[in-house]
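# Residue-level structure breakdown
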Amino acid sequence: GYSTYTVLVNQAAMLTDAGATVSIPSIISLTYGICVVAKILLGMLIDKAGVRIGSAVSALCLILAPISMLLSKSPVFAVLYALFFAVGQTVLTVPLAATVDLVVGRENAGSGVGLFAAMMTIGTILASLLSTRLYDISGSYDLSLYIAAAAAVIGLLALQISMKFAPKYQKSRVEAVQ
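The model shown is predicted, which means the values in this text are computed figures rather than measured ones. (Residues numbered from 1 in each chain as written. Predicted model: local features only at pLDDT ≥ 70, side-chain atom pairs only at ≥ 80, totals over all residues. Heavy atoms only, no water.)

### A few points about a nonpolar patch on the surface
Rules: Exposure above 30% relative accessible area and the absence of a salt bridge qualify a residue for a patch, where like charges join within 9 Å and nonpolar side chains (Val, Leu, Ile, Met, Phe, Trp, Tyr) within 5 Å. Only the protein chains shown count as covering a residue, and every accessible area follows the Shrake-Rupley method with a 1.4 Å probe. One side-chain nitrogen of Lys or Arg within 4 Å of one carboxyl oxygen of Asp or Glu is enough to make a salt bridge. In DSSP terms, a helix is any run of H or I states spanning at least four residues, a strand is any run of E spanning at least two, and both are numbered starting from the N terminus.
Nonpolar side chains collect at one region of the surface, where V36, V37, I40, L41 and M44 lie side by side and expose about 490 Å² of accessible area between them. Assignment of secondary structure puts V36 in helix α2 (residues 24–49).

Here's what the structure looks like:
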């Protein structure tokens with residue numbers, strides 16, 4: 001939640017601060033247009049390659065989004081930011097459902113989604129408070145973007161580690177069907 005909401009809450013100001021030379025409303029609109037398609041494609045990727053790969057792709061894009069934004073003076077990097085952030089922010093929707101089911105099992109999915117949603121909400125609160133405070137102190141969003149990228153790395157590692165222990169739930173569901 002922290003990585004996504006640091007950028008989401010402040011993206012117009014961050015793009016301005018980074019010196020984006022393209023129309024900021026156009027970049028934000030492009031981001032949400034790509035996001036619609038990304039959710040469908042990411043769901044298809046999860047169906048074909050599995051939730052570990054789908055979550056990793058989404059989280060990797062969330063790592064690359066703040067870095068691209070820092071370089072958004074170039075129109076190419078502004079468009080890359082839109083692409084990476086659009087795909088990256090889907091980590092909170094499409095992979096989340098599949099990850100929760102895999103990690104805690106279908107029988108505990110309600111509690112698992114509640115726990116993940118609570119952690120994302122905490123990340124959202126921290127993102128809003130920290131990113132604006134860092135801007136007030138430094139006069140730039142650069143440090144907030146570096147922290148967002150670092151938080152995405154931590155999130156990617158946490159997801160992959162949690163899924164490493166998932167086969168016990170997956171195996172129990174397969175055995176229950178047989």
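### Some thoughts on the side chain of S140
For clarity, the cut-off: Two N or O atoms count as a polar contact when they lie within 3.5 Å, although within protein this holds only if one can serve as hydrogen donor and the other as acceptor, and sequence-adjacent residues are included solely when both atoms are side-chain atoms.
Along the chain, S140 falls in the loop between α6 (109–138) and α7 (142–164). Of the polar contacts made by the side chain of S140, one reaches the side chain of D17; its length is 3.3 Å.

### What to know about the confidence of the model for the protein
When pLDDT is low, close inspection of the predicted coordinates is not appropriate. Counted only if it meets this: Summary of the metric used: pLDDT quantifies the predictor's per-residue confidence within the range 0 to 100. We call two residues in contact when some of their heavy atoms are within 4.5 Å.
For the protein, per-residue confidence averages 81 on the pLDDT scale, and residues scoring 70 or more make up 88% of the total. Taken as a whole, residues 171–178 scores under 50 in pLDDT and shows 3 contacts with residues more than four places along the chain or in a different chain.

### Quick word on the packing of aromatic side chains
Two aromatic rings are characterised by how far apart their centres lie and by the angle between their planes. Rule in force here: To pair, rings of Phe, Tyr and Trp, with the six-membered ring standing in for Trp, must have centres within 6.5 Å; the planes then decide the type, stacked if under 30 degrees apart, edge-to-face if over 60, and tilted in the middle. The buried label applies to any residue whose accessible area, calculated with a 1.4 Å probe on protein chains only, is under 20% of its type's maximum; exposed applies above 50%, and partly exposed to all values in between.
According to the stated counting rule, one finds 2 aromatic pairs in the structure shown. Taking 5.7 Å as the distance between ring centres and 15 degrees as the angle between the ring planes, the aromatic pair formed by Y81 and F85 counts as stacked. One end of the pair is Y81 and the other is F85, both in helix α4 (residues 75–88) and 4 residues apart, which spans about a single turn. Residue class for Y81 comes out buried when judged on its relative accessible area of 0%. In this structure F85 comes out as buried when scored by relative accessible area, which is 0%.

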